Amino acid sequence: MSENKAFPKGFLWGGATAANQVEGAYDADGRGLANVDVVPIGKDRFPIISGQKKMFDFEEGYFYPAKESIDFYHHYKEDIALFAEMGFKTYRMSIGWTRIFPKGDELEPNEAGLQFYENVFKECRKYGIEPLVTITHFDFPMHLIEEYGGWRNRKVIKFYERLCQVIFNRYKGLVKYWLTFNEINMILHAPFMGAGLYFEEGENQEEVKYQAAHHELVASAIATKIAHEVDPENKVGCMLAAGQYYPNTCHPDDYWAAMKEDRENYFFIDVQARGQYPNYAKKKFEREHLNIKMTEEDLTLLKENTVDFISFSYYSSRVASGDPKVNEQTEGNIFASIKNPYLPASEWGWQIDPLGLRITLNTIWDRYQKPMFIVENGLGAVDTPDENSYVEDDYRIDYLRAHVKAMNEAINEDGVELLGYTTWGPIDLVSAGTGEMKKRYGFIYVDRDNDGNGSLKRSKKKSFDWYKKVIASNGTDID
Ligand code: P53
């Protein structure tokens, strides 16, 4: 029996989802088309989400899983009741931008969209569940892509600001915890998904990505400013796809390669948490002749509006090598990385490393000394339900137990400050990376397959009761 020391009082246990991966109802009640709708399952998905293949609308011969997803839009009461039954203290979810501003550049919001999220937040509050809201989780209005070119265009900052004004005012008192951009560093790996970027022939893609990143960073600072003005109780966080890079060997070239990879990710958080561009980034722009346009006013906004806390997703650590010949990659991951021979991997090739979570927590804490929030962690696996729709997902329990233990050690042995933990996909949902339903993370099974067949019926897995017990004991009983 493993006995953990207690987690801090008020520790926020829960689960995390994203609008497009659960809601469905893609055209209900005035919702506009978004980038996340037009990314199909199958071999074209990666070229599309990385901005290399153009797909601006639904096309014949493709299946688009986000159109219906698990239909949270019509099942939210039932789903939140199940979260409450597990004892969730928080529920991380995101807002679909095009429910509120269907095209993105309107002056007036869509009331039906605003009402939907108000209902969801009230449903959470009914059970004492604190909503943790991602303002944009890969969501971006298609109209803003076609008319403005996505986040490469400065004008988009204004549209995002308008969205923030509306939601902060409307949900004042209902929502306190906000995240500005999901996995902001994903813009470098999946720029269509992260920033609505599709690249034209001959464009300097690196320059476009960092220009768009600058606009997101400024927008994030503006959001932080408005959130604090509207309600001083508001807490705003940034969000990083984290996971420490290890050097492939103790060769200094490998260490240096790992450090450079880490910096590529921390660059975003350095700006959001410290309020200025780090010198290594300025040098990179110079060296690579990236002409990133920024105004004095931008720099002041960044300086004066740093985040209150740092949130991140953690699934795996990664490995870097300074040797160009070493390039055996792990499969199926947006962040391709060299294989680590010491670690087991999931069925999708994601390497499993609980100690890596403790290491990542310590690195982020040492770098910023701001409270942290783990807002995604979990195991995507194939589940096989029995005739009663029951899944014995001991593999998932094992993964989560080891990560909860690592997080406990980071808090109680190392002294990092952690506000909470939300597992990814407490209810099965559509995979962002692959578009599959088959890659399941949930405590709750949803009857739906990769082709969209199934009754959408929800059933509890074995891990449901396990997580319930973990929360009830505030993390001391993790057996
Ligand atoms: P899926 C790659 C690497 C790290 C995080 O991912 C990632 C991805 C995208 O594949 O994304 C986050 O669904 C993201 C979620 C996503 C989750 O990780 O590919 O914030 O939207 O679903 C898991 O298994």
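Residues numbered from 1 in each chain as written. Predicted model: local features only at pLDDT ≥ 70, side-chain atom pairs only at ≥ 80, totals over all residues. Heavy atoms only, no water.

Peer 1: Sorry if this is basic, but what is going on with the overall build of the protein chain here?
Peer 2: Each helix and strand in the protein chain was counted, giving 15 helices and 12 strands. Relative to its length of 479 residues, the protein chain is compact, with a C-alpha radius of gyration of 21 Å against a globular reference of 23 Å. Dimensions of the protein chain along its principal axes, counting C-alpha atoms only, are 60 × 55 × 50 Å. Residue burial in the protein chain is summarised as follows: out of 479 residues, 62% are buried. Long-range pairs, those at least 24 residues apart, make up 76% of the contacts in the protein chain with a sequence separation of at least 6. As displayed, the protein chain has an accessible area near 18400 Å², and 49% of this comes from carbon and sulfur atoms. One way to put it: in the protein chain the 56 positive side-chain charges average out to a point 3 Å from where the 74 negative ones average out. (Helix = DSSP H or I, 4+ residues; strand = E, 2+ residues; numbered from the N terminus. Rg over C-alpha atoms; globule rule 2.2 N^0.38 Å. Buried < 20%, exposed > 50% of the residue type's maximum accessible area, 1.4 Å probe, protein only. Contact = heavy atoms within 4.5 Å. Areas by Shrake-Rupley, 256 points an atom, 1.4 Å probe, with all protein chains shown as cover. Lys, Arg positive; Asp, Glu negative; His and termini not counted. Charge placed at Lys NZ, Arg CZ, Asp CG, Glu CD.)

Peer 1: I keep staring at the environment of Trp466 and nothing clicks. Help me out?
Peer 2: Position of Trp466 relative to the elements: it lies in helix α15 (residues 462-472). The class of Trp466 is buried, set by a relative accessible area of 6%. Discounting residues that sit within four places of it in the chain, Trp466 has contacts with Ile397, Leu400, Arg401, Val404, Ile478 and Asp479. Looking at Trp466, its side chain comes within polar contact range of the main-chain oxygen of Ile478, at 3.0 Å. (Polar contact = N/O pair within 3.5 Å; in protein donor to acceptor, adjacent residues only side chain to side chain.)

Peer 1: Could you clarify how one ought to interpret the site of the ligand in this entry?
Peer 2: Among the 18 residues in the neighbourhood of the ligand, the closest are listed as Gln21, Glu376, Ala432, Lys439 and Tyr441. Between Asn182 and the ligand, the recorded distance is 3.0 Å, taken from a side-chain N or O atom to an oxygen atom. Here an oxygen atom of the ligand and a backbone polar atom of Ala432 are 2.7 Å apart. Tallied by class, the residues present in the shell around the ligand amount to nine nonpolar, six polar and three charged. (Near = heavy atom within 4 Å. Nonpolar A, V, L, I, M, F, W, Y, C, P; charged D, E, K, R; others polar.)

Peer 1: What's the story with the side chain of Asp231 in this structure? I'm lost.
Peer 2: With respect to the helices and strands, the residue Asp231 is situated in the loop between α9 (205-230) and β5 (235-241). Look at Asp231: it is buried, it has no salt bridge, and the nearest opposite charge is Lys172 at 5.5 Å. (Salt bridge = Lys/Arg side-chain N within 4 Å of Asp/Glu carboxyl O.)

Peer 1: Which parts of the structure should I look at to understand the state of the cysteines?
Peer 2: Note: disulfide means a covalent bond formed between the sulfur atoms of two cysteine side chains. A complete count under the given rule lists zero disulfides for this structure. Cys164 takes part in no disulfide bond, and the closest cysteine sulfur to it belongs to Cys238, at a distance of 15 Å. Given the relative accessible area of 0%, Cys164 is considered buried. (Disulfide = S-S within 2.5 Å.)

Peer 1: Help me out: how do you make sense of the sheet that holds strand β7 (residues 309-313) in this one?
Peer 2: Neighbouring strands of a sheet are bound in pairs by backbone hydrogen bonds; such pairs are parallel or else antiparallel. The parallel closed barrel is built from eight strands, whose spatial order is β1-β2-β3-β4-β5-β7-β9-β10. Between one strand axis and the next, the sheet turns through 25 degrees on average, direction left out of account. Bridge count for strand β2 (residues 90-94) against strand β3 (residues 130-136) is five bridges, and the pairing is parallel. Pairing of Thr90 across the sheet is with Glu130, part of β3. (Pairing = 2+ DSSP bridges. Axes fitted to C-alpha atoms, helices over the stretch in contact; angles between N-to-C directions.)

Peer 1: Can you help me understand the pairing of β3 in this one?
Peer 2: Remark: a regular strand shows side chains that alternate across the two faces of the sheet. With respect to burial, β3 is a largely interior element, seven of its seven residues being buried. Two strands pair when backbone bridges link them, and β3 and strand β4 (residues 177-181) are joined in this way by four bridges, in the parallel orientation. Bridged to Val133 within β4 is Trp178.

Peer 1: Is there a simple way to think about the pattern of salt bridges in this case?
Peer 2: Here the idea is simple: oppositely charged side chains can pair when their charged atoms come close. Taken as a whole and judged by the stated rule, the model has 35 salt bridges. Measuring nitrogen to oxygen at the nearest pair gives 3.1 Å for the salt bridge that ties Glu130 to Arg125. Since its relative accessible area comes to 16%, Glu130 is described here as buried. By relative accessible area, which is 31% here, Arg125 ends up partly exposed. As a salt-bridge pair, Glu229 and Lys225 come within 3.2 Å of each other at their nearest N and O atoms. Of this pair, Glu229 and Lys225 are both found in helix α9, four residues apart, which corresponds to roughly one turn of the helix. Judged by relative accessible area, Glu229 falls into the exposed class, the value being 54%. We classify Lys225 as partly exposed; its relative accessible area is 34%. Each of the salt bridges in this network shares a partner with another, and the network as a whole consists of Asp383, Asp393, Arg396, Asp428, Arg440 and Lys461.

Peer 1: I tried to follow the packing of aromatic side chains on my own but got confused; where do I start?
Peer 2: One pair of aromatic rings is described through two measures. These are the centre distance and the angle between the planes. Applying the stated rule across the entire model yields 41 aromatic pairs. Ring centres 5.5 Å apart and planes at 85 degrees place the aromatic pair Trp97 and Phe140 in the edge-to-face group. Residue Trp97 is found in helix α4 (residues 97-100), and its partner Phe140 is found in the loop between β3 and α6 (142-148); the two are separated by 43 residues along the sequence. Lying across the ring of Phe58, Lys67 places its NZ or CZ 4.1 Å from the centre. Note that Lys439 overlies the ring of Trp350, its terminal NZ or CZ placed 3.8 Å from the centroid. (Phe/Tyr/Trp six-rings, centres within 6.5 Å; stacked < 30°, edge-to-face > 60°. Lys NZ or Arg CZ within 6 Å of the ring centre and 35° of its normal.)

Peer 1: Looking at this structure, I do not really get the UniProt feature "active site" (unreviewed entry) in the protein chain. What am I missing?
Peer 2: The positions UniProt marks with the feature "active site" (unreviewed entry) are Glu376. In this fold, Glu376 is placed in strand β9 (residues 372-376). For Glu376, a relative accessible area of 4% translates into the label buried. Contacts of Glu376, omitting those with residues within four sequence positions, involve Arg92, His137, Asn182, Glu183, Met239, Phe312, Ser313, Tyr314, Tyr315, Thr422 and Trp424. (UniProt positions renumbered as here; feature names shortened; annotations may be inferred.)

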